[in-house]
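For reference, the chains in residue letters:
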Amino acid sequence: MRKKIVAGNWKMNTTPAEGVELFKGVAALKGEVCPCVNFIVAPPFTHLSQIVEAAKGTSIAVAAQNCAAEAKGAYTGEVSAKMIASLGVEYVILGHSERREYYGETSATLNKKMEQAYANGLAPIYCVGEKLEDREAGKHFDIVRAQIEEVVFNLTAEQFAKLVVAYEPVWAIGTGKTATSDQAQEMHAFIRKVLAEKFGAAAAETVILYGGSAKPGNAPELFAKEDVDGGLIGGAALVAADFIAIGKSFPK
Ligand code: 13P
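Residues numbered from 1 in each chain as written. Predicted model: local features only at pLDDT ≥ 70, side-chain atom pairs only at ≥ 80, totals over all residues. Heavy atoms only, no water.

## Description of the pattern of salt bridges
Spelled out, the test is: In the sections that follow, a salt bridge refers to a side-chain nitrogen of Lys or Arg positioned within 4 Å of a carboxyl oxygen of Asp or Glu. Accessibility here uses a 1.4 Å probe with only protein chains present; expressed as a share of the type maximum, an area under 20% marks a residue as buried, one over 50% as exposed, and anything in between as partly exposed.
In this structure the tally under the stated criterion is 16 salt bridges. Between Arg99 and Glu105 there is a salt bridge; the shortest N-O distance is 3.0 Å. Looking at Arg99, the relative accessible area reads 23%, which means it is partly exposed. Across the pair Lys225 and Asp182 runs a salt bridge whose closest N-O atoms are separated by 2.8 Å.

## Things to note about the side chain of Asp134
What counts here: Per the convention used, a helix needs a DSSP run of H or I reaching at least four residues, while a strand needs a run of E reaching at least two, with both numbered from the N terminus. Under the counting rule used here, the positive set is Lys and Arg, the negative set is Asp and Glu, and His together with the chain ends is not counted. Polar contact criterion, stated in full: a pair of N or O atoms within 3.5 Å, where within protein one must be able to donate a hydrogen and the other to accept it, and residues adjacent in sequence count only if both atoms are side-chain atoms. Working rule for contacts: check all heavy atoms of both residues, and any pair within 4.5 Å makes them a contact.
Structurally, the position occupied by Asp134 is in helix 6 (residues 132-136). Despite its burial, Asp134 pairs with no opposite charge, the nearest such side chain being Lys139 at 4.8 Å. Polar contacts involving the side chain of Asp134 include one to the main-chain amide nitrogen of Lys131, which spans 3.0 Å. Not counting residues up to four positions away in its chain, the partners in contact with Asp134 are Lys139, His140 and Ile143.

## Structural notes on the side chain of Lys30
By secondary structure assignment, the location of Lys30 is in the loop between helix 1 (16-29) and strand 2 (37-42). Within the buried set, Lys30 has no salt-bridge partner at all; the shortest N-O distance to an opposite charge, 12 Å, is to Glu90. Those residues within four positions of Lys30 in sequence are excluded, and the remaining contacts are Phe39, Thr58, Ser59, Ile60 and Ile244.

## Some thoughts on the environment of Glu115
Mapped onto the elements, Glu115 comes out in helix 5 (residues 107-119). Taking relative accessible area as the criterion, Glu115 reaches 54% and is therefore assigned exposed. With 78 residues separating them in the primary sequence, Glu115 and Lys193 have C-alpha atoms 24 Å apart.

## Looking at the confidence of the model for the chain
In plain terms, the rule: pLDDT expresses, on a scale from 0 to 100, how confident the predictor is about each individual residue.
Of all residues in the chain, 100% attain a pLDDT of 70 or more, and the chain-wide mean is 97. Within the chain, the element-level pLDDT minimum falls on helix 6, averaging 93, and the maximum on strand 4 (residues 91-94), averaging 99.

## Let's talk about the packing of aromatic side chains
Aromatic rings in a pair are described by how distant their centres are and how their planes are angled relative to each other. Here is the rule: Pairing of aromatic rings covers Phe, Tyr and Trp, the last through its six-membered ring, and needs centres within 6.5 Å; plane angles under 30 degrees mean stacked, over 60 mean edge-to-face, and all others mean tilted.
The tally for this structure, following the rule as stated, stands at 7 aromatic pairs. Seen from their ring centres, Phe160 and Phe199 are 3.8 Å apart, and the 5 degrees between their planes marks the pair as stacked. Here the residue Phe160 occupies a position in helix 8 (residues 157-160), and Phe199 occupies one in helix 9 (residues 181-199), the gap between them amounting to 39 residues. One exposure class covers both Phe160 and Phe199, and it is buried. An aromatic cluster is built from Phe153, Phe160 and Phe199, whose rings are joined through pairwise contacts.

Here is the structure:
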């Protein structure tokens, strides 16, 4: 049985005080959800350490939203994987479409970030996904295959075993337009097939999350699909009750 994960990407939202409040809300409601569901929250860098502190004893894991491509040195404004890991953070989101699109992250950058993440014991949540024009041109499978081959295929088997993948069609992020559960399943099955070409049977264990306007209303249908192992949630993760409701959406 693959792990079930619901991860909240807070993006550039919440002050430290608001983030701690949000976290407390999630932790207070978590008891309503099957302990078989693993929750992760990804606050901004500024409050990672406060959220790690608040998360002690809750079994909710903490992720960073990014890390530097370099280990250390004269890189003004960057935050290294080592700094993040030293706080007790377990995961790091890498390759989010907003980073690819607004900050020019390429596969070359992401290979370096992945290397830094693993070297410091962080498990990457690696995001892939096509833009609307790619889907309309029928290129969505090619785009996602390239995002996997150019980065994930460089991992060792041992590294791959710790990887979480998130399929986030860019046209569904923050737009209110969710992929249908059939579109999600089709792509998740494809991703698993591509991973299996390189890593064989281990790909059957890889957690593949769906992200893009996932909310309590559509999560049950998405999570009912065989290859959808949970969600990477943006907007709905900023409301504790919605985030928790998404956690309750797995089939019994
Ligand atoms: P939304 O849930 O707000 O569409 O964001 C999804 C996302 O980008 C999570 O990383």
